[in-house]
Amino acid sequence: MYLFDMKNGKKKLVYGQSPEDALEILSYRLPPEEMEQIIKDKYIKIHQRQLQEHVHLLG
Amino acid sequence: MFNLFRPKKSGDGPRRLWLDLGDLGDLVNPAGPHEQWQDHGLGLLRTLLHQNGLTTDLASTRACKSWDEVRKVVSGYDMLIMNVRSYTFPVAYRSAKIFKEVNPKGLVLTGGMHATVAIDEMMAIPEFDKICQGPGEEVIVDLVRDPDSFPRMILGRGSKSMADWPMIDRTLWPKPASRQLARKFKWPLEPECGWGPGPVVTLLTSRVCPWQCVFCNENSYIPNMGRRPVEMVIDELNYLDRKYGVGSLVIHDSMFFQNPTWLQEWLEKYPRQANKVWPYWAAARADTVRQWPELFEALVKETRWDTVSIGFESGSDRVLKILNKECTEEDNYFTIDLMTRIGDEMEREGRKPPVFWSNIMLGIPGETRDDAFKTMRMVKYTKRIMPSIAFYAPYPGSALGHQLIAEGRSLMSKENYHRYPDDEKVKGIDYKFYRELLAGKFDAEVSKGLAQVRQERQNYMGALTKA
Ligand code: SF4
């Protein structure tokens, strides 16, 4: 799982084999304007067990 | 009135009530069989308490027909204990409010899966005095004995292995609350639900599923624990059979078809050591079936795994990726084809063929109409299927649920966690289309590709060798 920074200061949780794959999967459900909000080269990789620590940052 | 839940005094110490949760009336005049199923968390934890001399009385919201009745059954207690799941959270919340109104000095102890996945929502309820997050079996006795020595939020501790769990005392479960239901229920075993003959034993052999589907993801919250040894499972079944007479089993594990070593032992011992080879319901994944097809086939044929529950979820690779299911369309079709062949062979031998209890999800954010047609096509293609179709729900605790809630797309609220398959749960989903799809309005589109799928999948032995 990856946490991408967004231009509005929040984070987007995405998942996939690689950051690129994860963003492609996210694009299946988000319209281009919302995808635009994501800073594509600013992300951290997290383990699913750490998810709860980041929930309050999501947006 | 036939009310088995009139509270009794629990001795000289504090009066403790364990409140079983569910929709009002589910143990009086239930809408369906699954509403009557018993809570294994309650069963295990009450067994531990009672074995340690901490008796609790029992009431159930499912045995009450009105909130006034709940008010009566909770009154006069010093302590209320509840195991809260996401779909019972609204009932727990309301029950706690009522409890505090009638017992202002009473203490409310909560725990359970909702405390584990949505602690913030639990903490926001002032009536919940103590909230245990995570597995509770290693802390429940101390907590109930001396709640004041614990902070408001308690980190639970689980056993290392299910081998350490005592056998649940099923007589600590609530009874059916009407004469009519009592006739069919066979308490303390459970009623028939259409998957196998009654009385039914529901049981757990494993606790955590290691996969990471983003609508579920239980592995994020519960540490892995050892599976219950095969012999212990069989011994318990034989004991229940001697005592009550078992008709069939529902193995409630999130994922039964994992850990081939355990499954191999089950394959060898269950048909030989159980009093009878009872048919059972249990879950698998399409990718694990494709990984171990011979083991799967042997289990179906030799252990009477008559109802195979598979969370196919979708017939579209795009949607399976959105769900992080880690299964593909090909895995799903492989599994369907294998079950069809096994079923046909068993039928030719005069045996009852196995069926799929198949979880299907629609209305997933990002799903197109074509994806939904592919899913319905897969359902139509499957020869022996009991489909369980639900609209996707963004439960907190799941990865996708958290993300959609943060995006403001969830229509679920703490007053009303939807648990019905046709409720609207996510903003922006065209539920009208899905209702029409389910009503058959798009059958032509669904059937259009079906002949081609059948044609392509005729050479299915090829798929078997590829796996
Ligand atoms: S949906 Fe099934 S396979 Fe996926 S994580 Fe949950 S229990 Fe495991």
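What this report covers is the structure whose coordinates are included nearby.

What counts as what
Residues numbered from 1 in each chain as written. Chains lettered and ligands numbered in written order. Predicted model: local features only at pLDDT ≥ 70, side-chain atom pairs only at ≥ 80, totals over all residues. Heavy atoms only, no water. Helix = DSSP H or I, 4+ residues; strand = E, 2+ residues; numbered from the N terminus. Rg over C-alpha atoms; globule rule 2.2 N^0.38 Å. Buried < 20%, exposed > 50% of the residue type's maximum accessible area, 1.4 Å probe, protein only. Areas by Shrake-Rupley, 256 points an atom, 1.4 Å probe, with all protein chains shown as cover. Lys, Arg positive; Asp, Glu negative; His and termini not counted. Charge placed at Lys NZ, Arg CZ, Asp CG, Glu CD. Core = buried A, V, L, I, M, F, W, Y, C linked by side-chain atoms within 4.5 Å. Contact = heavy atoms within 4.5 Å. Disulfide = S-S within 2.5 Å. Axes fitted to C-alpha atoms, helices over the stretch in contact; angles between N-to-C directions. Parallel < 35°, antiparallel > 145°, perpendicular 65-115°, else oblique. Left-handed = near helix turned anticlockwise from the far one by under 90°.

## As for the overall build of chain B
Moving on, step 1. Scanning chain B from N- to C-terminus turns up 19 helices and 12 strands.
Moving on, step 2. Against the 2.2 N^0.38 benchmark of 23 Å for 467 residues, chain B shows a C-alpha radius of gyration of 23 Å, consistent with a compact globule.
Moving on, step 3. Going through the 467 residues of chain B one by one, you find that 61% of them count as buried.
Moving on, step 4. As presented, chain B carries roughly 19,000 Å² of accessible surface, and 50% of it is formed by carbon and sulfur atoms.
Moving on, step 5. Seen as two clouds, the 63 positive and the 61 negative side-chain charges of chain B have centres 4 Å apart.

## Comments concerning the nonpolar core
Moving on, step 1. Judged by nonpolar contacts, the single largest core of 49 residues is most densely connected at W266, Y280, F296 and W305 of chain B.
Moving on, step 2. If we ignore the near neighbours within four places in the chain, the residues touching W266 of chain B are V230, V233, I234, L237, I251, F256, P271, Y280, L299 and T303 of chain B.
Moving on, step 3. The next biggest cluster of nonpolar side chains, apart from the first, holds 39 residues, and it includes L3 and I46 of chain A together with I429 and Y431 of chain B.

## Points about the state of the cysteines
Moving on, step 1. By the definition in use, this model includes 0 disulfides over all chains.
Moving on, step 2. Of the cysteine sulfurs around C327 of chain B, a residue in no disulfide, the closest is that of C213 of chain B, at 7.2 Å.

## Some thoughts on the packing of helix α11 (residues 293-302) of chain B against helix α13 (residues 329-348) of chain B
Residue and element names in this part refer to chain B.
Moving on, step 1. Running from N to C, α11 and α13 point in directions that differ by 40 degrees, and their axes come no closer than 11 Å. When the axes of α11 and α13 are compared, the pair comes out oblique. Here α11 and α13 pass one another in a crossing that is right-handed. Mapping the contact onto sequence places P293, F296, E297, V300 and K301 in α11 and F334, L338, M339, R341, I342, E345 and M346 in α13.

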